[in-house]
Amino acid sequence: MSLQPTSPSRPGLRLGRRVIHQLRAALERDTGLQAASYLQEAGFAGGEELYTEFAAWLRASRGVEQPPDLDAEYLSAALSEFFAESGWGALSAQALGPAVLALDAAEWAEAVDEGQGEFPSCHLTCGLLADFFGRLSEGLVAVMEVECRSRGDARCRFLAGAPETLSTLYERMAQGSSYAGALGLSSGPSAG
Ligand SMILES: [Zn+2]
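Concerning the coordination of the zinc ion
Stage number 1. Only Cys122 (SG), Glu145 (OE), Cys148 (SG) and Cys156 (SG) from the protein coordinate the zinc ion, and they sit 2.0 to 2.3 Å from it.
Stage number 2. Each of the four donor atoms around the zinc ion contributes to a set of angles spanning 100 to 115 degrees, which defines the coordination as tetrahedral.
Stage number 3. Within one chain, the residues donating to the zinc ion are spaced in sequence as C-x22-E-x2-C-x7-C.

In C-alpha cells, the structure reads:
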C-alpha cells in the first residue's frame with residue numbers, strides 16, 4: 001500500500017487572476033454579501049502552503065532558517081520580493097502605530113482594474129494574509145482591507161493586527177471614522 005506523502009517540496013499551484021475574479025463574481029451574484037466570508041475562508045486555507053513556500057524561499061534566498069528569525073528591518077523587502085515572485089504582486093509592510101502593520105500593494109492580483117466597486121473586495125487575500133501573518137508572528141492575526149484598487153483607490157492596503165485591535169478599529173470606522181483617524185494617525189476631522 002502506498003500513501004502519497006505530503007511533500008513540502010511540491011511546487012505551488014498557480015491559478016490565473018481571472019480564476020479569482022470569476023469566482024468572486026459568481027459568488028457575489030449567487031450569495032450576495034456572504035461571498036466575502038466564503039472567499040476569506042478559502043484564502044485562510046491557503047495560508048499554510050504559502051507560508052511553507054515563503055519559509056523555503058527565505059532559506060534559499062536569504063539563508064534565514066525560519067521566517068520568525070528574519071530581522072524586522074528586512075521584512076518589507078523580503079515580503080515584497082516573495083509575493084511579487086509568487087504572482088500576487090509586490091507587498092510592502094510598514095508599522096502604523098504600535099499595534100498595526102500596513103501591507104500595501106499597488107498591483108495586487110485579486111484587485112480588478114475597472115475600479116467600480118463600493119467596498120474593498122480582496123476578500124480571499126484577507127484570509128490568506130491573516131493565516132500567513134499568524135504563522136509569521138506565532139499568534140492570532142486579523143486582516144482588514146481599507147483601500148482597494150477594485151473601488152478606484154491607487155493601491156490595496158491591508159491592515160494586520162491582533163483580532164481585538166482590529167475589531168476596535170472596525171467599530172470606530174463603523175461609526176464614521178476614517179481608518180487613519182481610528183488609528184489616531186490624523187488629527188483632522190474625519191471625511192465621514
Ligand atoms: Zn484590493
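From this point, the narrative continues.
Thoughts on the pattern of salt bridges
Stage number 1. Within the structure shown, the criterion is met by eleven salt bridges.
Stage number 2. The closest approach of N and O atoms between Arg24 and Glu110, which form a salt bridge, is 3.9 Å. Note that Arg24 is positioned in helix H1 (residues 17-31) and Glu110 in the loop between strand S2 (100-105) and helix H5 (123-137), a separation of 86 residues in sequence. Each member of the pair, Arg24 as well as Glu110, is classed as buried.
Stage number 3. One salt bridge in this structure joins Arg62 and Glu81, with 3.3 Å as the shortest N-O distance. Separated by 19 residues along the polypeptide, Arg62 in helix H3 (residues 47-62) and Glu81 in helix H4 (residues 75-85) bring together distant segments of the chain.
Stage number 4. Residue classification places Arg62 among the partly exposed positions, given a relative accessible area of 32%.
Stage number 5. You can call Glu81 partly exposed: its relative accessible area is 37%.
Stage number 6. Several salt bridges share partner residues, and in doing so they unite Asp104, Glu147, Arg155 and Arg157 into one network.

Overview of the layout of surface pockets
Stage number 1. The volume enclosed by the largest pocket comes to roughly 970 Å³.
Stage number 2. As for the largest pocket, its lining consists of 33 residues, of which Phe119, Pro120, Ser121, His123 and Glu145 are closest to the centre.
Stage number 3. In terms of residue count, the dominant contributor to the lining of the largest pocket is strand S3 (residues 142-147) (five residues).
Stage number 4. Its volume calculated, the second largest pocket comes out at about 780 Å³.
Stage number 5. Every residue lining the second largest pocket is counted, 25 residues in all, and those nearest its centre are Leu13, Arg14, Leu15, Leu50 and Trp88.
Stage number 6. Mapped by element, the contributors of at least two residues to the lining of the second largest pocket are H1, helix H2 (35-45), H3, H4 and H5.
Stage number 7. Considering each element in turn, the lining of the second largest pocket owes the most residues, five residues, to H3.
Stage number 8. Along the lines of polarity and charge, the residues of the lining of the second largest pocket split into 14 nonpolar, six polar and five charged.

About the cut-offs
- Residues numbered from 1 in each chain as written.
- Predicted model: local features only at pLDDT ≥ 70, side-chain atom pairs only at ≥ 80, totals over all residues.
- Heavy atoms only, no water.
- Donors = N, O, S within 2.8 Å, 3.2 Å for Na, K, Ca; no water.
- Tetrahedral: all angles 85-135°; square planar, octahedral: opposite > 155°, others 65-115°.
- Salt bridge = Lys/Arg side-chain N within 4 Å of Asp/Glu carboxyl O.
- Helix = DSSP H or I, 4+ residues; strand = E, 2+ residues; numbered from the N terminus.
- Buried < 20%, exposed > 50% of the residue type's maximum accessible area, 1.4 Å probe, protein only.
- 1 Å grid on protein atoms, 1.4 Å probe; cavity = no way out; pocket = protein on both sides within 12 Å on 5 of 7 lines; lining within 4 Å.
- Points joined across faces, edges and corners; volume = space filled by probe spheres on them.
- Nonpolar A, V, L, I, M, F, W, Y, C, P; charged D, E, K, R; others polar.

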